[in-house]
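# Examination of the molecular architecture
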Amino acid sequence: MRRLATYDFRDSAATIITAQTIRTVDEQRPQAEAMLTVGGRILAVGSIAEVDAAAEAAGLQPERVDHPGATIVPGFIDAHAHPLMYGQMLTWVDIGPDRAGSIPEIVRLMTERAQTLPEGAPLRGYGYEQRNLAERRHPTRHELDEIATDREVYIMNASGHGGVVNSFTLQKYGITRDTPNPEGGEFFRDADGELTGELSDAACNVLTGLHGVKVGHHGPNFHLGDEPAEHQRQLDAVQREFLAGGVTAIGDAQVSQREFAAYLALADRGALDLRVSMYFLSHLLDQVIDLGLTGPFGNAFLSAAGIKLYADGTLGGWTAYFPEGYVGDPCRTGQLYHQPEEYAGLVKKAHLAGLQTATHAQSPTAIRMVVDALEEALTARPDADARHRIEHCGLPDQAEIPRMAALGIRPVNQTQHYYNWGEGVEQAIGTPGERFNPLGEFLEAGVPVTISSDAPVAEPRPLEAIQAAVTRVTRRGHKLGPDSLRISAEDALRGHTLEGAASLGRDDELGSLTPGKRADFVVLGADPLSVAGDEIAAIPVLETWVDGVLKHSAAVERNDGEG
C-alpha cells in the first residue's frame, strides 16, 4: 500500500547555533547571537548565556555549531515560483545573459549542444531576453536554421510566455503565413507577412499540445511532455538550486495534476526537502471546492494554499494588456485572459468557499480588474485576513494602491524582473515603465511587500532580489525610477522571509527566527543589512537548514566538486 511520507519524525537532536549576528526578522527581538533548536523547531533565541540557560532548563545537552563572522537569517521564502518548469529549463541550453549577449552567441551555444544529441532529437534553449541582446531584438527562424534544419529548435524567452522556433518546427506543425493566430497567441510575421519564427502564449500550443495555453481557461502552461521519472530528476535538481540560494519554502504558483503527482511521488520517496505550498490552477476550482480543499490541508512540507488565476500576459513578452498598444510596437496590445465579469465570478466563487486567490496581473487595466473583483467579493463576505494576492503586480495605477491597502491585498513582486530587463519595460510602454514594481509606494501606503523569484523567469537567488529592491539598478547598470521606489535592506529581507510566509498563510510557523517556529534558517558570509546595497548579491550562502537539519553546505559542495 502506498504511504505518503508525513515527515512527523523530524530531527530531534538539540542544537545550539551561534553566529556573529542573527537577524531574526522578529520585531520583539530583531537581533541575537545564539539559537536553540530541537525537534525541528526553535526553542530559544537570544544571547549565548540565555540560550544555554534555556537548554539547561529543558534538561537538554545540545550539540553546538558555531559560525564566527557569519550572519544567520530566516530561511528565504520564495512565494511565487514554477519548480517543475524550472527543472525542465535546467535540462535545456542556458542562453541567458550570463552566457549569450548576442544572437551569434545563442547560435553557437545551441549548435554545440545539437552536436551532442541523437539524430532528430529536439533542441531547446532558455533564458534569452531580447532587450539584453546586442541586436535588441528576437532571433528569427532563419537564424535558428543555422543551428539545425533537420530537428525542432526552440528557444524560450526569459518571460516564459513565448520564444522562437526554426523553420523545421513551423513546417512540422503545418504553420504557414496563412495560419490564423490562435485565441490568446500569435505567430509573428514581418512587414511582408512572412513568419519570423517568433510565437507567443497560445501559439506555443504547437509545442505543448492541447493542454497548453487556454485563454479564458487558466492561463499559460508551457511544460513540454516529460515522463514522471524525469519529473523526479528535475525536482531533485531544482531543490538543490533553491537550497543553494537559501530558499527553504516555496509557493508553486501553477499546480495541475502533473505537479501534484510529482510532489506526492517526491514526498513518498522521502526526498522532499523544501516546504511547498500549492496554488491550483483556476480550471481546477470546482474540483478543489468539491473535494473540500478550502482549509488547511497537508503537512509541514506539502500543503494546499489556494487558487491561481491569470488576468493578463507578461510585460517581458509584451503580452500584458495595454489596450492602447505598446510604444515599442503599437500593433501589440497584449490580452486579458478573462473578461471582467467572468473573472469576478471566479474570484467570488473562490472567496466565498474560503480560498485564497493569487492572480497574475501586470498592466494597470488588469490590476484594476483584479482589485475591483476582490472588492466585490470581500463586500459579499468580509474577511480582514483573506490575504488575496496579485502576482507580479508590475504597474498598478497609483490610485489602486490605497485600495489594495484597504482590502488587504498582497502584491507578490519579483525584483529580479527589473534587474534582468527593467530597461525593456520603458522601451515597451515608455516612461511609466520606470515605476515597474513600485515597492516604495506600496510600503508608503501600508501595503506589505513580498519578494519572490518567479523561477525559472529568474534564478532563485534571494540576495540578488534583495539587492535589486534596495538599489533598483539593473543588470546593465541602469537606475530604474526615483529613489522613492527603493526600499531598505531591512524591508527587503522581511519581504523575502516573513512577508513571504504571510503571503503563503504560514507566518505562524515560518518566516522569522521566533521560539516555537520551525527551525529553517540560512547562514550567510556577511550581513545583508550592513554591507553596501550593491554588494548584497555577492554575499555567499554558506549553509541552508530546514527543520533544524543541514540541507545545503557550500563547503561540502565545493569539496565534492574538487574531488
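In the block above lies the structure referred to throughout.
Rules behind the numbers
- Residues numbered from 1 in each chain as written.
- Predicted model: local features only at pLDDT ≥ 70, side-chain atom pairs only at ≥ 80, totals over all residues.
- Heavy atoms only, no water.
- Helix = DSSP H or I, 4+ residues; strand = E, 2+ residues; numbered from the N terminus.
- Rg over C-alpha atoms; globule rule 2.2 N^0.38 Å.
- Buried < 20%, exposed > 50% of the residue type's maximum accessible area, 1.4 Å probe, protein only.
- Contact = heavy atoms within 4.5 Å.
- Areas by Shrake-Rupley, 256 points an atom, 1.4 Å probe, with all protein chains shown as cover.
- Pairing = 2+ DSSP bridges.
- Axes fitted to C-alpha atoms, helices over the stretch in contact; angles between N-to-C directions.
- Core = buried A, V, L, I, M, F, W, Y, C linked by side-chain atoms within 4.5 Å.
- Parallel < 35°, antiparallel > 145°, perpendicular 65-115°, else oblique.
- Left-handed = near helix turned anticlockwise from the far one by under 90°.
- Phe/Tyr/Trp six-rings, centres within 6.5 Å; stacked < 30°, edge-to-face > 60°.

### A few points about the overall build of the protein chain
- Along the protein chain, the regular secondary structure elements total 18 helices and 22 strands.
- Compactness check: the protein chain gives a C-alpha radius of gyration of 23 Å against a globular reference of 24 Å for 563 residues, within 12% of the reference.
- The principal-axis extents of the C-alpha atoms in the protein chain amount to approximately 80 × 60 × 55 Å.
- The burial tally for the protein chain puts 60% of its 563 residues in the buried class.
- Excluding contacts between residues fewer than 6 apart, the proportion of contacts in the protein chain whose partners are at least 24 apart in sequence is 71%.
- In the form shown here, the protein chain has an accessible surface area of approximately 21,400 Å², with 50% of it arising from carbon and sulfur atoms.

### Structural notes on the sheet that holds strand S11 (residues 195–201)
- Taken in spatial order, the 6 strands make up an open sheet running S6-S7-S8-S9-S11-S10, and their pairing is mixed. Taken across any chain shown, the strands that pair with only one partner, and hence form the sheet edges, are strand S6 (93–94) and strand S10 (185–189).
- Alignment of S10 against S11, held across 4 bridges, turns out to be antiparallel. Opposite Glu186, over in S11, you have Ser200 as the bridge partner.
- Packing of helix H3 (residues 103–114) onto the sheet brings it into contact with S6, strand S7 (123–128) and strand S8 (153–157), and relative to S7 it is tilted by some 150°.

### Concerning the nonpolar core
- Formed by 94 residues in total, the largest nonpolar core has its most connected members in Phe242, Phe280 and Ile390.
- Broken down by element, the residue count for this core peaks at 9 residues, all from helix H11 (residues 364–380).
- Counting residues in hydrophobic clusters, the runner-up holds 18 residues, among them Ile103, Leu133, Leu144 and Ile155.

### Quick word on the packing of H11 against helix H12 (residues 400–407)
- Their axes nearest at 11 Å, the elements H11 and H12 cross at an angle of 30°. Classed by the angle they form, the pair H11 and H12 counts as roughly parallel. Of the two possible hands of crossing, H11 and H12 adopt the one that is left-handed. Residues Arg368, Val371, Asp372, Glu375 and Leu378 of H11 form the contact with H12, whose participating residues are Glu400, Arg403, Met404 and Leu407.

### Describing the packing of aromatic side chains
- What the rule picks out here adds up to 8 aromatic pairs.
- Ring centres 5.2 Å apart and planes at 65° place the aromatic pair Phe322 and Tyr326 in the edge-to-face group.
- Exposure remark for Tyr326: the relative accessible area of 1% places this residue in the buried category.
- An aromatic cluster is present here, built from Tyr418, Trp421 and Phe436 joined pairwise through their rings.

### What to know about unusual backbone geometry
- In this structure, the amide linkage connecting Ala455 to the following residue, Pro456, adopts the cis form with an omega of 15°.
- One non-glycine residue, His392, lies in positive phi territory at about 80°.
- With phi around 45°, Cys393 is a residue other than glycine that occupies positive phi space.
- Take Cys393: it is sitting in the loop between strand S17 (389–392) and H12.

### Brief notes about the sheet that holds strand S4 (residues 63–74)
- Ordered in space as S3-S2-S1-S4-S20-S21-S22, the 7 strands form an open sheet in which the pairing is mixed. Each edge of the sheet is formed by a strand with only one pairing partner; in this case those strands are strand S3 (41–46) and strand S22 (549–553). Strand-to-strand twist of the sheet, defined as the mean angle between neighbouring strand axes without regard to direction, takes the value 35°.
- Note: strand S21 (residues 541–546) against S22, 4 bridges, orientation antiparallel. Directly across from Val546, in S22, lies its bridge partner Val549.

### Some words on the side chain of Thr169
- For Thr169, the location among the structural elements is in helix H5 (residues 167–172).
- When near neighbours in sequence (up to four residues on either side) are disregarded, Thr169 contacts Glu152, Val153 and Leu207.

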